Each structure stands twice: as structure tokens, then as C-alpha cells.
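Here is what each chain is made of, one letter per residue.
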Amino acid sequence: MFTWIQSHPILASLCVLAILYNVYERLHPDPIMKLPSPRGGRFFGGHILDILDPGRSPTLHERYTRELGRNVRLRGVHPWEQRLLPMDPVTVAHIMKNSTIYEKPWQSRRLIEGLIGCGMLAAEGQVHKRQRRVATPAFSIQNMRALVPLVFSKGEELKDRWMELIQEHGAHGSDKQLKGMRLDICHWVSRATFDVIGLAGFDYQFNAIQNEDNELFNAYKDMFEMAISQSQSFRTLVAVYAPLYERLFPDKGTLAVRSGQETIGRVARKLIQERKQKIQEGEESGKAYGGRDLLSLLLKSNASTDIPPEQRISDDDILHNINTFMFAGSDTTSLAVTWTLLLLAKFPSIQDRLREELRHMGRPGNLGDEAVLAHYQELAVQPLLDKVCRESLRLVPPVHSSLRVATQDDVLPVSKNGNPVHIRKGTFVHVPVEAMNLDKEIWGKDAWQFIPDRWDNLPEAVTSLPGLYANTLTFSAGPRSCIGQRFSLIEMKTFLYILITNFVFSETDEKVVKANVVLTRPYLSRKFEEGSQCPMIVTPYVADEAM
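This structure is a prediction, so every number in the text was calculated from the model and none was measured. (Residues numbered from 1 in each chain as written. Predicted model: local features only at pLDDT ≥ 70, side-chain atom pairs only at ≥ 80, totals over all residues. Heavy atoms only, no water.)

## Quick notes on the overall build of the chain
Helix and strand content of the chain: 22 helices and 12 strands. The C-alpha radius of gyration of the chain comes to 25 Å, within 12% of the 24 Å expected for a compact globule of 547 residues. Its C-alpha atoms give the chain principal-axis dimensions of about 85 × 60 × 50 Å. Evaluated residue by residue, the chain yields a buried proportion of 52% over its 547 residues. Residue pairs in contact within the chain that sit at least 24 positions apart in sequence constitute 71% of those at least 6 positions apart. Within the structure as shown, the chain displays about 25800 Å² of accessible surface, and the carbon and sulfur contribution to it stands at 54%. The chain carries 65 positive and 64 negative side-chain charges, and their two centres are separated by 5 Å. (Helix = DSSP H or I, 4+ residues; strand = E, 2+ residues; numbered from the N terminus. Rg over C-alpha atoms; globule rule 2.2 N^0.38 Å. Buried < 20%, exposed > 50% of the residue type's maximum accessible area, 1.4 Å probe, protein only. Contact = heavy atoms within 4.5 Å. Areas by Shrake-Rupley, 256 points an atom, 1.4 Å probe, with all protein chains shown as cover. Lys, Arg positive; Asp, Glu negative; His and termini not counted. Charge placed at Lys NZ, Arg CZ, Asp CG, Glu CD.)

Here you go:
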């Protein structure tokens, strides 16, 4: 026996650890073990890998609630990790409301910080509270309305660019009208939202719709593409649990992130100093600097007398939050628009109805700010457009799920006739955003289908769901709900208005599938290595009377 231990030291150590762990668990039983759990699961990856796959997760969520109930125990990344999967609206509401008890675990924070720094996505506790307090004035209704003309102008620019490409393509039908062209909608809408957030975020012109030559645009693009869209599970685990190895033996993605961060840091810090100087010059001259971009508003808010000196945030915090706005403001919104256009391509009758509604609005008499603002006020309340946005964001939330960890022992409430769930400090909680949005017992038997008109007569059970927007978890809920929700909807509705009234969207013969790669992204089936893409046939819309 002793000889075997000497010749197999690592295996022997693991056996000892397993024995000690089992002894500890017998002496200090985890209350979560009383919850029902599905059978099977991988040795490494447990049930989590399957539940994170949007191609399988709806079926699994439905089976778990039917067979096991609404609060389920899952095996986590390794055999000894147990996670709570709450699918009871009352339990989920408690978790989202109590954000100081249920924080992002250090593993999630390390991944986020390694990419975009410690902004509001990664920060917890007093750091998050301080950052949110400084940022909240920048996201007021008044400030968001001021960005509408900017979004409208970029939507028009994207429309004009597509028209140019289709004309250059030059194919005509028998009626001499331009034929459709295959375009990667995901790629192009992402370029447009980058332009929008560049100007709205820090008054910086990426000019990405026209070309992809800008240094800062390419830094963000390469960093996000290499570190997110092309990421591999093993390297992600290495980055989390063995950061020293990642630093000593970087792969292509790690090097892309480093290079991008250096470029972003250099350019962004210069922009911060320039903006600070303009604000100071305005104060000295008695004529306040009128910049309305988020960077200017953050700097003004941070210097405001309403913020005590000890509550102000550093230039690095400002930089990290600008990076956060770039990621959240461009990536999530571009995906929401892309998935909506794909759904409309799959359901052409709904696309036709929406186009008819939007074309009846006409166009603003001119593209001046006041005319565009008045036009958007009318656009924002168009009933079918609003229902299409709600339904698309419900059906394909860009954030598939999120992870929390209990910072103390807690007792979670459940719906009536159920026993409270006891969990101990350190327990991971898997918040199933998609599952709550697609629950057939709550939304109805047709919950997995794209039916915008469901919003005319929702089941009563929907009102019990937590959520910042439309009783869904798409924009999260509670104190950590999405601060940029208004801006995202402005972008989404404006882009859909301009694109749907000028183009017809049709599916190609290529199969687009969902993959959960940080966000729910479109990929071509069996072509994951080509990166996220969503090709469609885009045809100029021709009516009897041009708009």
C-alpha cells in the first residue's frame, strides 16, 4: 500500500481529499442536499454544461419543473460542487432583491475584470453602490432622450450603406427591381451599435459602418471577438483558476486582450483628460461645458457637490465603466436587434404587419433634433413594434443566465404550499433568465413560440414574475438591474423602424443556431469556428409610394 502511494502521489492526494470532504459533509451536512436533483451529469461539468446550452436548456428546464419541482439542486463544475437552480418566481425575486446577500462569485468577477475592468458589471458591495450613484444621473430620461437624434442618424447611415452594397451587387429581377443580397446582419448591426455607443459613450467617432480601420474600434473588436466569441472552456477555466499560467503561457486570445487593453487605456485616458480640461475651462469661463456623452456626464456627476469626496470614483473606475458601457451598450443591443430581425424573417406575416404600422407613421419632416425627437415619441408607443420588442427580448434574452453566490446562510421563500429553501454561505445560485422567460406554466403552452400578440392578453401568472422590463428577467431585476435599459430600447426601436421600413428580411438556406458564449449569439450550424454570424437575404422594400 505504501509503495502504491509513493508511486501515485497525486492520485493518493486526491483520494485523501475526497475522504476528508466526505467526513466533513457528514459532520456538517449541506441543507441543499435535501433538494431533488436530476440523474446523471458529467464528472467534470456536472449538469451545468447542459443547462447552459440554449439548444437544450428549455427542454431541461421544463422537465426539471415537471419531475423535480421549482427549486432544484444541480451538480456544478466539479463533483463536489452543488448549485441551487431556482425556478420559483418568489424564490428568484428574493435572490434578485437581496443583491448584497447574493453577489457575483469571485470566478465571474475575475473573468469580467480581466476583460473590461472593475466597472458596474463586476463591482460588488460599496464599490458598486458608489459607481452606480455616480452613473445614475447620466442615464436619466432627459439625457437618454437627448441621444435619440444620434441613434436615428446612425440608423439612417446603416440603411444607406446597405443600399450602396446592394446597388454595387447589381442583381436585378425581371421587373428591373434590385434583388436581395446576403448580408451578415449580426456583423453589420454590431458595427452600427459600436458607432452609436462610441458617440453616446465618449463622443468618439469609430466610423465603423463605413469601414473597420479605426484603431480603437479594432481594439474592442479583436478583444471581444477573440476573448468571447472564440473562447474555449478549458482556457476560461485556466484564466479563472490559474491566472499565473495564463500570464506565463498566453494563447492568441490572451494576447489579443492585452493588446486591446493597451490601446483602449491609452486612447481612453487621453479622452478623459481632454474632457476634464473642457469641463474645467467651462467652469472658469462661467459657461458650462455642454457635452452630453456618457463620459462627460459621468465626470460632471463625479465632480458634483452632491457627491461627497469619499464617494467619488477614480479615473480608472471611469475607464472601466466606459468599457462596460461599450460591451453592454453595443454587444447586447446588437444581438437583440439581430435576433428580432431573424424572428421577423421566420414570420414574414408579422414582418409585413410591422412594416405597415411603421410606414403609416411616415418620416420626420426634417432630420433636425426636435423633429426626430417628436417622431421618436410617436414611434416608442407604436403597439405592434412594442409587442415585437417585448416578445423578442422574452424569447431570446441576450443574457441566458447569471451566477450568484450566497455571502451568508439564508432561508429562501417559495410559493404557497412549499417548504422554504435553506442554503449556507458559499452556495452557488444559478439564476435561469431564459427559464423564467419561457416557463409554459406561467406564459402558457405556446411560451416557446414567437407570438407578439400574446402581450394583448397575458396570463395572470405573469404578473408574479420579477423583472425590470415587461415581467421578464432580460434586463435583470432588483438593485443590479440594467442601468442602460432605456437607451437599449431607444436603439432597438429606432433601428427596427429604419430597417423594416426600407428592407425585407428573409432567411437563407443556412441553419442559424443559438450558442451561449457569454451572451446568446447566433452561429451557423457546424461552423462554430467561423465565429458568430447571422446571414439573411436583405431586399430593398419597394412600395407604390416611396417614403
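## Let's talk about the sheet that holds strand β5 (residues 402-406)
Taking strand neighbours across the sheet as the criterion, the 5 strands line up as β1-β2-β8-β5-β3 in an open arrangement whose pairing is mixed. Each edge of the sheet is formed by a strand with only one pairing partner; in this case those strands are β1 (71-75) and β3 (102-103). In the sheet, strand β2 (residues 82-86) pairs with strand β8 (residues 428-431) via 2 bridges, with the strands oriented parallel. Counterpart to R83 in the pairing with β8 is F428. (Pairing = 2+ DSSP bridges.)

## Let's talk about unusual backbone geometry
Look at N471: it is not a glycine, yet its phi comes out positive at around 55 degrees. Within the fold, N471 resides in the loop between α21 (440-443) and α22 (485-500). Backbone geometry at V518 places phi at a positive 70 degrees, although glycine is not the residue there. Considering the arrangement of structural elements, one finds V518 in the loop between β10 (512-517) and β11 (519-524).

## So, the side chain of S392
Examined against the element boundaries, S392 turns out to sit in helix α19 (residues 383-395). Excluding residues that lie within four positions of it along the chain, S392 makes contacts with A336, W339, T340, L343, F450 and M492.

## Focus on the packing of helix α7 (residues 125-135) against helix α15 (residues 294-303)
At their nearest, the axes of α7 and α15 sit 8 Å apart, and the two run at 110 degrees to each other. Classed by the angle they form, the pair α7 and α15 counts as roughly perpendicular. In contact with R133, V134 and A135 of α7, α15 contributes L298, S301 and N302. Looking at side-chain class alone, the contact of α7 with α15 contains 3 nonpolar, 2 polar and 1 charged residues. (Axes fitted to C-alpha atoms, helices over the stretch in contact; angles between N-to-C directions. Parallel < 35°, antiparallel > 145°, perpendicular 65-115°, else oblique. Nonpolar A, V, L, I, M, F, W, Y, C, P; charged D, E, K, R; others polar.)

## Structural notes on the packing of helix α17 (residues 348-359) against α19
Between two packed helices, both the angle of their axes relative to each other and the distance between the axes serve to describe the pair. At a minimum axis separation of 8 Å, α17 and α19 run at an interaxial angle of 135 degrees. Accordingly, the angle class assigned to the pair α17 and α19 is oblique. Across the interface between the two elements, I350, R353, L354, E357 and L358 of α17 pack against P383, L384, L385 and V388 of α19. Of the residues in the contact of α17 with α19, the class split is 7 nonpolar, no polar and 2 charged.

## Things to note about α17
The end-to-end C-alpha distance of α17 is 16 Å, a good match for the 16 Å that 12 residues give at a rise of 1.5 Å each. Buried residues of α17: I350, Q351, L354, R355, E357, L358 and R359, and no others. Those residues of α17 that are buried are in contact with α16 (315-346), α18 (369-380), α19, α22 and β9 (503-507). (Expected span 1.5 Å × (residues − 1).)

## Some thoughts on empty space enclosed by the protein
The final tally for this structure, using the stated rule, is 2 cavities of 30 Å³ or more. Lining the largest cavity are F202, L216, Y220, I264, A268, L271, I272, L295, I318, L319 and I322. Counting residues per element, the ones that place at least two in the lining of the largest cavity are α11 (215-229), α14 (252-285) and α16. Among the elements that take part in the lining of the largest cavity, α14 stands out by supplying 4 residues, more than any other. Residue lining of the second largest cavity: I95, M96, S99, Y102, R404, A477 and R480, and that is the complete set. Taken together, the residues of the lining of the second largest cavity break down into 4 nonpolar, 1 polar and 2 charged. (1 Å grid on protein atoms, 1.4 Å probe; cavity = no way out; pocket = protein on both sides within 12 Å on 5 of 7 lines; lining within 4 Å. Points joined across faces, edges and corners; volume = space filled by probe spheres on them.)

## Let's talk about the environment of E103
Locating E103 in the fold gives a position in strand β3. Along the primary structure E103 and P364 are separated by 261 residues, whereas in three dimensions their C-alpha atoms are 46 Å apart. Every residue in contact with E103, bar those within four places of it in the chain, is listed here: R109, E124, G125, L403, R404, V405 and T407.

## Side note on α16
Taking 1.5 Å of rise per residue, 32 residues should cover 46 Å, and α16 covers 46 Å from first to last C-alpha, within 8% of that figure. Most of α16 sits inside the fold, with 27 of its 32 residues counted as buried.

Keep in mind these numbers describe shape, not what the thing actually does.
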